[in-house]
Amino acid sequence: MWHDIEMLSSPAFSGRRIGHNEMAIEYIAHRYSQIGLAPINSNNYLKAFEFRGKAGANIVGEIRGKKTGTVFRANGTF
């Protein structure tokens, strides 16, 4: 997990500025897949939203259970 934090906070990922998170979104979605989280929308981890006229997405995965699931969410913007 420390490696993920170092990667996401590195200069290559451009911080959390709106419009500069494509790499972070792809990285988190890939890691969700690697650790076995199921996509919340068919085969897609992204749930689109708009904030102050900018398009963005939450990256959402879940651990599915018999009765309930546990949801993991990270938000980003395109």
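Residues numbered from 1 in each chain as written. Predicted model: local features only at pLDDT ≥ 70, side-chain atom pairs only at ≥ 80, totals over all residues. Heavy atoms only, no water.

> Sorry, what's going on with the packing of aromatic side chains here?
Any pair of aromatic rings gets described here by the distance separating the centres and the angle formed by the planes. As enumerated under the stated definition, the model contains 1 aromatic pair in all. Relative to Tyr-45, the ring of Tyr-32 has its centre 5.8 Å away and its plane inclined at 70°; by these criteria the two rings are edge-to-face. With Tyr-32 in helix α2 (residues 22-34) and Tyr-45 in the loop between β1 (38-39) and β2 (46-51), this pair connects stretches of sequence that are 13 residues apart. (Phe/Tyr/Trp six-rings, centres within 6.5 Å; stacked < 30°, edge-to-face > 60°. Helix = DSSP H or I, 4+ residues; strand = E, 2+ residues; numbered from the N terminus.)

> Would you take a moment to explain the side chain of Asp-4 for this structure?
Looking at the secondary structure, you find Asp-4 in helix α1 (residues 2-8). At 3.0 Å, the side chain of Asp-4 and the side chain of Arg-31 are in polar contact. (Polar contact = N/O pair within 3.5 Å; in protein donor to acceptor, adjacent residues only side chain to side chain.)

> Looking at this structure, I do not really get the pairing of β2. What am I missing?
The two faces of a sheet get side chains in turn, since along a regular strand they alternate between them. Alignment of β2 against strand β3 (residues 54-64), held across 6 bridges, turns out to be antiparallel. When the sheet's bridge partners are listed, Ala-48 is paired in β3 with Ala-57. The hairpin formed by β2 and β3 contains 2 residues between the paired strands, and Arg-52 there has a positive phi angle of roughly 50°. (Pairing = 2+ DSSP bridges.)

> Teacher, can you tell me more about the nonpolar core here?
In globular proteins that are soluble, nonpolar side chains generally tend to be buried together. With 7 residues, the main nonpolar core is built from Ile-25, Ile-28, Ala-29, Tyr-32, Leu-37, Tyr-45 and Ile-59. With 4 residues, the single largest contributor to this core is α2. (Core = buried A, V, L, I, M, F, W, Y, C linked by side-chain atoms within 4.5 Å. Buried < 20%, exposed > 50% of the residue type's maximum accessible area, 1.4 Å probe, protein only.)

> When you look at a nonpolar patch on the surface in this model, what are you seeing that I'm missing?
On the surface, a nonpolar cluster with roughly 430 Å² of combined accessible area is contributed by Met-1, Trp-2 and Ile-5. Relative to the elements of secondary structure, Met-1 occurs in the segment before α1. (Patch = residues over 30% accessible without salt bridge, like charges linked within 9 Å, V, L, I, M, F, W, Y side chains within 5 Å. Areas by Shrake-Rupley, 256 points an atom, 1.4 Å probe, with all protein chains shown as cover. Salt bridge = Lys/Arg side-chain N within 4 Å of Asp/Glu carboxyl O.)

> Is there a simple way to explain unusual backbone geometry in this structure?
Notably, Arg-52 is not glycine yet its phi reads approximately 50°, a positive angle. Relative to the assigned elements, Arg-52 resides in the loop between β2 and β3.

Interpretation in functional terms is not warranted from these geometric data alone.
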